[in-house]
Every structure is written in structure tokens, then in C-alpha cells.
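If you want the building blocks of each chain, they are given just below.
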Amino acid sequence: MRNLLTSCLVAASLLVGGCGLRPLYANGSKGPVAQVLADVDVAAIEGHNGWLVRNALRDRLQATQGGEGAGKRLRLDVRLEDSITGFGVRADDTVTRERRTLRARYQLVNAATGEVLLDATAFSDAGIDVVGSEYATIAAESSALERLASAVADQIVARLAVFANRGGGQPAAAPAPAGQ
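A quick note: this is a predicted structure, and the numbers were derived from the prediction, not measured. (Residues numbered from 1 in each chain as written. Predicted model: local features only at pLDDT ≥ 70, side-chain atom pairs only at ≥ 80, totals over all residues. Heavy atoms only, no water.)

**Digging into the pairing of strand 4 (residues 116-129)**
To keep things clear, this is the line we draw: Note: two strands are recorded as paired if DSSP finds a minimum of 2 bridges between them. Helix numbering and strand numbering both begin at the N terminus, where a helix is a DSSP run of H or I of at least 4 residues and a strand a DSSP run of E of at least 2.
In this sheet, strand 4 lies alongside strand 3 (residues 95-110) in antiparallel orientation, the contact comprising 13 bridges. Bridge pairing in strand 4 links Tyr 106 to Ala 120. Linking strand 3 to strand 4, which pair antiparallel, is a turn of 5 residues; within it Gly 114 sits at a positive phi near 80 degrees.

Have a look at this one:
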């Protein structure tokens, strides 16, 4: 029985090794994903929620930029939609539960040409208990927004990394001189 299990594990490891899976961040800071992410500058996003998302994005991209600041070859434009919906309603029409949703539509743009390289969306939502204290409810809504900004930033950076891993956002190769 043990030999059969060992044989199955060896066969499975050979199959997985040949399936073409490779690490997303292969070659560290010299890999294609890190190179593209290092070239991304996050444009200003309006509003308090925009400030939170932009800072979260910059925190995640800074690791790929070696602490040198954002690159300027690519620009990330983000538009946010933030909404709070009450859905737990008592007989006296008071809301007991809210859902806060943060949606982001983002575009990765070649800064030199203005060409849109990637156009996608990200979103996250959180439930909030509405309690008797207005201060506590406002604090819960603010805390939820901070968590949502972080989650949306994670989704955006992950999508940019997958895009870069598939060859997107790479600098165009210089054309060969004529006659060669």
C-alpha cells in the first residue's frame, strides 16, 4: 500500500511539473511582472475613499519600485463608486444593518501614447451593524471603508500582475535599423 501511494505521488509530481505552471513573480525584481509594476504611477483619485485606495495601491507597488518612487511609463487611472445601503429594517423603519460597497473601474494607460492597455473593474463589500450610538456607526462605516480600500487595491495589483505576466505592459522593443 505504501509503495502504491509513493508511486502515485511521484507520478502526480511529474504531471504537475509539466503542466506549465510557473510563479507569477519569477525572477524577483528582474522579472517581467516586477518590471511592469515598477513602471506604474497611480494618478490622483478624488475623495477620501480615493485617497485611501491610492495610498493602498502605492504601498503595494512601492515594493516593486525599490523605494525609488513610481515609474512614469504607465499610469493607473481609477474611478470609484462608494455606496451604503440599509437592508436590515425593523417594524419602526429603523435600519439595523448596512452594506458598504466600493467599486473601482481602472485603466492602465501608456503615459506616452495615451493608449489604454487594460480596462477592468474591482469591488468589495462589507456588512455594518447599525447600533444605537451614531458615533459607533460612523466609526464602523469608516473602518469598513479602510478594509474595502485595501481589498480593492489587492485586486487591482493582482490583476496588473497577471496582465504583466501574460506579456502586457512590456516596453516595445526598439525597431531594428533598416538593412539589417
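**Considering unusual backbone geometry**
To keep things clear, this is the line we draw: Exposure categories follow from relative accessible area, calculated using a 1.4 Å probe and restricted to protein chains: below 20% of the type maximum is buried, above 50% is exposed, and the middle band is partly exposed.
Of note, Asp 93 is a non-glycine position whose phi angle comes to about 65 degrees, a positive value. With respect to the element layout, Asp 93 can be found in the loop between strand 2 (74-89) and strand 3. On the basis of relative accessibility, which here comes to 65%, the residue Asp 93 falls in the exposed class.

**Looking at the packing of aromatic side chains**
Note the threshold: Classification of ring pairs uses Phe, Tyr and Trp, with its six-membered ring standing for Trp, and accepts pairs whose centres are within 6.5 Å; under 30 degrees between planes counts as stacked, over 60 as edge-to-face, and the remaining range as tilted. A ring has a charge above it when a Lys NZ or an Arg CZ is no more than 6 Å from the ring centre and no more than 35 degrees off the ring normal.
Per the counting criterion, the structure on display carries 0 aromatic pairs. Lying across the ring of Phe 123, Arg 103 places its NZ or CZ 5.1 Å from the centre.

**What about the side chain of Asn 49?**
The test is simple: The criterion used for residue contact is that any of the two residues' heavy atoms lie within 4.5 Å.
Structurally, Asn 49 can be placed in helix 3 (residues 47-62). A residue is classified by how much of its surface remains accessible, and Asn 49, at 15% relative accessible area, is buried. Other than its neighbours up to four places away in sequence, Asn 49 contacts Leu 80, Asp 82, Leu 102 and Leu 145.

**Considerations on the environment of Arg 79**
Take Arg 79: it is sitting in strand 2. Residue Arg 79 is classed as partly exposed on the basis of its relative accessible area, which comes to 45%. In this structure, the C-alpha to C-alpha distance between Arg 79 and Thr 121, residues 42 residues apart in sequence, is 9.5 Å. The residues touching Arg 79, leaving out its near neighbours within four places in the chain, are Arg 103, Ala 104, Arg 105 and Gln 107.

**What about the nonpolar core?**
As a reminder of what qualifies: Note on terminology: a nonpolar core comprises buried Ala, Val, Leu, Ile, Met, Phe, Trp, Tyr and Cys residues joined through side-chain atoms within 4.5 Å.
Among the nonpolar cores identified, the biggest contains 35 residues, and Leu 57, Leu 76, Tyr 106, Leu 108 and Ile 156 are the most heavily contacted of them. The greatest single-element share of this core, amounting to 12 residues, is contributed by helix 4 (residues 134-165). Once you skip the residues sitting within four places of it in the chain, Tyr 106 turns out to touch Leu 76, Asp 77, Val 78, Leu 118, Asp 119, Ala 120, Thr 121, Ala 122, Gln 155, Ile 156 and Arg 159.

**What about the sheet that holds strand 3?**
The cut-off we apply is this: Lines fitted to the C-alpha atoms define the axes, with helices restricted to the stretch that makes contact. Angles between their N-to-C directions range from 0 to 180 degrees.
Taken together, 4 strands build an open sheet; the order of strands is 1-2-3-4 and the sheet is mixed. Two strands bound the open sheet, and with one partner strand each, they are strand 1 (40-42) and strand 4. Between one strand axis and the next, the sheet turns by 25 degrees as a mean value, whatever way the strands run. Summarising the sheet, strand 1 and strand 2 pair through 3 bridges and their orientation is parallel. By the bridge assignment, Val 42 is partnered in strand 2 with Leu 76.

In short, shape yes, function no, at least from these values alone.
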